[in-house]
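Breakdown of the fold
For reference, the chains in residue letters:
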Amino acid sequence: MISGTYLASPSPPPSHPLNDTSAAQAASLSRNRRSVGEPGKYWPQNSTIKITIYDCPMDDPYVQAVKNAASQWQAHINLNFEFVSGEDGDVRITQNLPGDNSGGSEVGIDAKNTSLPYPTMSLPMDHTAASFELVVLHEFGHMLGAHHEHQHPDANIPWNQASLDARFTPQQQQVNFLPLPRNDTYDFSPYDGDSVMHYSIDPAWVTDNTWRSRNATLSADDIDWAKKAYPKPPVS
Ligand SMILES: [Zn+2]
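Presented here is an overview of the structure given in this document.

Parameters and conventions
- Residues numbered from 1 in each chain as written.
- Predicted model: local features only at pLDDT ≥ 70, side-chain atom pairs only at ≥ 80, totals over all residues.
- Heavy atoms only, no water.
- Helix = DSSP H or I, 4+ residues; strand = E, 2+ residues; numbered from the N terminus.
- Buried < 20%, exposed > 50% of the residue type's maximum accessible area, 1.4 Å probe, protein only.
- Contact = heavy atoms within 4.5 Å.
- Salt bridge = Lys/Arg side-chain N within 4 Å of Asp/Glu carboxyl O.
- Phe/Tyr/Trp six-rings, centres within 6.5 Å; stacked < 30°, edge-to-face > 60°.
- Pairing = 2+ DSSP bridges.
- Axes fitted to C-alpha atoms, helices over the stretch in contact; angles between N-to-C directions.

**Section: the overall build of the protein chain**
Along the protein chain, the regular secondary structure elements total six helices and 10 strands. Out of the 236 residues in the protein chain, the part that is buried amounts to 54%. Considering only residue pairs separated by 6 or more positions, the protein chain has 80% of its internal contacts joining residues 24 or more positions apart.

**Some details on the pattern of salt bridges**
Pairing between side chains of opposite charge can happen when the charged atoms of each approach one another. Overall, the coordinates contain five salt bridges when judged by the stated rule. We note a salt bridge from Lys41 to Glu38, for which the minimum N-O separation is 3.8 Å. When salt bridges with common partners are traced through the structure, they connect Glu38, Lys41 and Asp110 into a single cluster.

**Considerations on the packing of aromatic side chains**
Tallied over the entire structure, the rule returns 11 aromatic pairs. The rings of Trp159, Phe168, Phe177, Tyr199 and Trp205 are connected pair by pair, giving a single aromatic cluster.

**Thoughts on the sheet that holds strand β3 (residues 48–53)**
The strand order across the open sheet formed by five strands is β4-β3-β5-β7-β6, and the pairing between neighbours is mixed. At either end of the open sheet lies a strand with only one pairing partner, and these are β4 (80–83) and β6 (104–105). The pairing of strand β5 (residues 91–95) with strand β7 (residues 121–123) spans three bridges and is classified as parallel. Counted as the bridge partner of Gln95 is Leu123 from β7. Sheet contacts for helix α2 (residues 61–74): β3, β4, β5 and β7; angle to β4, the most-contacted strand, approximately 175°. The sheet strands contacting helix α3 (residues 132–144) are β3, β4, β5, β6 and β7, and the helix crosses β7 at an angle near 175°.

**A word on unusual backbone geometry**
The peptide bond linking Leu116 to Pro117 adopts the cis configuration, its omega dihedral lying at 0°. Summarising the element assignment, Pro117 is placed in the loop between β6 and β7. In the Ramachandran plot, Asn46 falls in the positive-phi region, its phi being about 60° despite a non-glycine side chain. Checked against the element boundaries, Asn46 lands in the loop between β2 (36–37) and β3.

Pasting the structure below:
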């Protein structure tokens, strides 16, 4: 998923996740970019975000795997992630069907517009998969208010329009691939091809036949974005 919104039904993946899903399923996809934030969708500073994982006991190794990845973001921000049982978290995670290694998430406080009990984030079911941590990092980036880095207006990715048209609806393209408008809704740092918010991009999707790969860890610019979006108080 990407910057988008979940669909109204719990069974179909959210539209935001949907997009990320498609990309991930084309195993050749990659993500890259420096974080593009949407400050209007950031959570209140220093707040606690309650996170629920549906149908998953808090002592399940799955919860720990999600926590481990999420903690990489939390180390740099002033928000507190509180994993809670039950079904009424601010962020509600559902696991995809087996074999679906994609993810999806509402962007920032858009999660508040998703009514209970619909999920606001979807993650792969297999927390032992090599790509699991990356998907969690990417979706938590959206949850914190980041958009796709490859949609940065300076990304200049030479999309092969016919190739995109063959795979994605115009809405999916808009939400997950095409450049964001250059306006003050967004906080654009310089384009960062190493961001976890960047897709891996299959050469078949672009006109220059070049792979753009996806970083598996938070880039230096991802961390800078997180610190800027949710600045921690100075240590005294
Ligand atoms: Zn995404």
